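Remarks on the overall topology
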Amino acid sequence: MSALNVSDIQHFSVGDGPGIRTTVFFKGCNLRCPWCHNPETISREPVALTYLRTNKTITYGRAVTVNEVVNEVMEDLDFYRQSGGGVTISGGEPLLQANGVAALGKALREKGVSVILDTAGCIPWSHFEAVLPFVDTVFFDWKTSDPVCMKERIGGDLPLIKDNLTRLLRRGTDVHIRIPLIPGINADTASVAAMAADLREAGAKTVALLPFHRLAVGKYDAMGLVYPFRDTPPLPADAVSRAAKMLASDFTVSIEK
Amino acid sequence: MIHPNTELLKNELCSPPVGSYAPHVFRAEGIRSHPNAPHGIRRAYSIASLFTAKPYIYKGDRIVGSIRSLWTEVTEEENRTASELAAPFSIRGFLHNGDHFAPDYTTFLTDGIPGTLSRIEASMEAHGDQPDRVEFLESCRIALLALRDRLTAYAEAAEALIGAEGYHSETLYEIKENCLSLCKRPPVTFPEALQLVWMIHNSFVCEGRYAMALGRMDQYLYPYFARDVETGKLTEEEATSLLENVFIKIYERRAYLGGDDVVNIAVGGVKPDGSDATNRLSFCILRAVGNINLPGPNLSARIAPTTPEDFLDECLKVIGTGLGYPALMNDEVNIAALSRYGYAIEDARNYSMVGCIENFITGMQPAWTDGRFDTPRFLEYVFNDGKGYFHPSAGLDTGSVSTITSMGILMERLETQLKAGVKEYVEGFNRANTLPCPEQYTSPFLSLFCKDCIGRGLDINMGGAVYPSVHGAALMGVGTMCDSLAAIEQVIFTDMAATVEELAAALKANFEGHEPLQKALLAAPKYGNNHDFADKYAVWFVDFLSDEFMKYKTRDGGGYYTAMAANVSNIYAGHTIGATPDGRKAGEPLSDAASPTYGRDTRGATATVLSVTKPDYTKVACGTVINQKYSPSMFSDGKRDKLRALIRVYFGRGGQEMQINATSTEVLRDAMDHPEKYPDLVVRVSGFSAHYITLARDVQLDILSRTQQE
């Protein structure tokens, strides 16, 4: 069994699914979302971040065995049980390491721990097939329904993503569709309408909105990069509720903060 | 929504009384009025004249009793003579079991003033052949009648104010009726019971006692609350509003005299029979404390496995306002810890807290005392031939550093130092504690609220209390010690990166010229990350020191407890402690209370919880403080459930206490730069909360440096 390329393991994650979770961030991503909140996970190589305020350097990226990850996440078993939580596998794009995800998912399943897979879905279907037996829920990001935006600004393949989502929903997987609502990308009414149409076609019933925030600025600074969204103000509340309202006629909508 | 009266009261507290605060002038009056009476009786009269000073009723008062009576215009001459005359009649302070006490309100409310008077008289009769006891009981009678006179005086004052500008006649009428009824019979209604409790509490404050607890209000007031609610006389909103009117007055002391009072109130937990004690009044108290948003009512929530989830959720909502109240206490651990000291199980279960977090057998033992025991000092002795680097105190000479060739030898020497330190501490305290002769400092009023002083005819400090006095030694610096020992084990004895002599030299030089070694020490495993390598020393710390203190007794045969708390003394203790092997430089604060060193627990809240629950806190009978800081968003609907789950796990694994600040780092930083913008910002400091802008800068910085979880 080859090692997993992991960026970081974050305990007490409270924004990555129900209950108290541990999030395992996999390294490497095949998309380049300009608003990315976890820029340190994009490269497959280790990345050192030096936080400006504390002058502390943390290196993200290490090779670990499935067993090592399991041992670390199992420290928090009591918390998962008490809160209905578990482990979230995120990234990066974890499905770039589908075999590793499958092995980790299998090991956690055997220990009775719930597993959520968080993916952007731009990956051959065979990768999903490898991991689906070992995950309870899939968090599926839906970033845009504009094929040009997807191709040119994000670097993804919209038909492939849509096909994967459709298949997941058809086979009855517990899928949570999450739309990061990003100004200038997908927050305008036309974009929201287009996303609604696509998601309806794919057979979605629920969507969650994740309004844009600038919390990632510190990470970009620490990497010596300029965050393209550094001067973008947070979405006004009415833009979020407008999007929610538009989607509400077709889906059960929640807003995650 | 705060009642308009309480809002009014909040404004009235902004205008301080005129004249000077002169309790001694009133005491002197009582002392002079009985020139030939025995000392104990004159003491009682000195209290009586304090109680019958001119009443003060606020326009916003619904429940009365104020310390404003003790301000008066006084000539310099009278001020001086009264001071001299009153001095021998003053109360004893904290070192002498003078304050930090949770009264037995249950018995007093049941008996009322007339019933208590009958008990005193019956006991006088029973002890007819023991003049000392009869005299003491007579002093109790005088103090009790003074309380009655105080109520009468307030009733008269209320009546006299009817029609006065700014006062509500109806409210004044209610005040008058409540006060008069209480003179004649035990309380029947909730407002009467609350009035009686407040008048007693305020009388303690008039006596000059500090940190007097209100204790288990949701228990002793519940019968009155329940009856009134059942008969439709009272709603929960009305009860909450009356409680607010009382709690806000705790703030009188800071408003007029400076310095917050720390009036502990315990809600929830289990009853003496072990069943769950949470009731609707527990919720009202929580909300009232949350609504008034002032430091003073130091609210503690006892959390048992049986505590309803909605109650714990309500606690988190109040904490989420940023107030830092209530502190969350693990009932199971506290009861188990107290049980080691031989209390009857029902008495242990009926504990409440005094002052910050100190566990107290409600109304059954002399008032509390404690002190600080800063542990890293003893490591200094080991490394510096029994001497401190800066501070003048000295330990044993346990031998040259060069002969420390293993972790085992180091631990042996450290234990030798600590043992001697504990002995020295106890001897020092017992000596100080017995210095003023108890006979000269009887406390007739306080004794009324402690079982079984009336029955035995003995003062609370002379054998009247059911249980003897106890003392808490607050062990400071567990994080500093734990990280230091782990760093030595790692760097010196595992990696062999430096010799023990090099380490000693580096410590002495405050790491100047030894920066690489300091860096290696800082990189060693730290407490709070769920690594046994470091955490095992915290387990040792609690076991060894608690077992050691448990060997000793107080002057009257009570136990020595330990506390894992520091009450910001860790900051000041740090000033005199040299560099420590964890990489900390000289003068920096020691780790706070039972918490890992701030900023070093980096693996998230769950790892912190897993680490700090490793020690056996059932050996820590006084109590523990774990300061945690969570971002305000953790208290939003949805996320709060996760925090609640975390706390349940923490308590399930044997954590003893947790107190949480919910103010964001950004706000705290901004408040330091722009205090004028944050006059009302209340934060949890240690075992208490305070207005942030009133805190010393190093205390502000210490709070700021707490590891922010999520």
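Please read all numbers here as calculations on a predicted model, not as lab measurements.

Below, the discussion takes up the nonpolar core. Residues and elements named next belong to chain B. Residues Ala143, Ile285, Cys482, Met564 and Leu646 are the most contacted members of the largest nonpolar core, which totals 289 residues. Per element, the largest residue contribution to this core is 13 residues, and it comes from helix 6 (residues 131-161). There are two domains that each give this core at least three residues, and those are domain 1 (1-209) and domain 2 (370-438 + 472-625). Apart from residues lying up to four places away in sequence, Ala143 is in contact with Ala44, Ile47, Ala48, Pro444, Phe445 and Leu448.

Take the environment of B:Pro55 next. All names here are of chain B. As for its placement among the helices and strands, Pro55 is situated in the loop between helix 3 (39-51) and strand 2 (71-72). What makes Pro55 buried here is the crowd of 23 C-beta atoms within 10 Å. Taking the C-alpha atoms as reference, Pro55 lies 9.9 Å from Thr152; in sequence the two are 97 residues apart. Residues contacting Pro55, with those up to four places away along its chain left out, are Ser69, Ala153, Tyr154 and Ala157.

Attention now goes to the domain arrangement of chain B. Each assigned domain of chain B is listed with its residue range as follows: domain 1 (1-209) and domain 2 (370-438 + 472-625). Summarising the inter-unit geometry, the C-alpha centres of domain 1 of chain B and domain 2 of chain B are found 45 Å apart.

What follows concerns the pairing of strand 4 (residues 56-60) of chain A. Moving residue by residue along a regular strand, the side chains alternate between the two faces of the sheet. Residues and elements named next belong to chain A. In this structure, strand 3 (residues 47-51) lies alongside strand 4, joined through five bridges in antiparallel fashion. Opposite Ala48, over in strand 4, you have Thr59 as the bridge partner. Connecting strand 3 to the next strand, strand 4, in antiparallel fashion are four residues, including Asn55 with a positive phi near 55 degrees.

Residue and element names in this part refer to chain B. Inspection of helix 1 (residues 4-12) places Asn5, Thr6 and Leu9 among the buried residues, and these make up the whole buried set. The arc that holds every buried residue of helix 1, seen down its axis, measures 95 degrees, which confines them to one face. Set apart from the buried face of helix 1 by more than 90 degrees, the exposed residues are Pro4 and Asn11.

Thresholds applied
- Residues numbered from 1 in each chain as written.
- Chains lettered and ligands numbered in written order.
- Predicted model: local features only at pLDDT ≥ 70, side-chain atom pairs only at ≥ 80, totals over all residues.
- Core = buried A, V, L, I, M, F, W, Y, C linked by C-beta atoms within 7 Å.
- Buried ≥ 20, exposed ≤ 12 C-beta atoms within 10 Å, placed from the backbone.
- Helix = DSSP H or I, 4+ residues; strand = E, 2+ residues; numbered from the N terminus.
- Domains from an automatic or database assignment.
- Contact = placed C-beta atoms within 7 Å.
- Pairing = 2+ DSSP bridges.
- Arc of directions from axis to C-beta.

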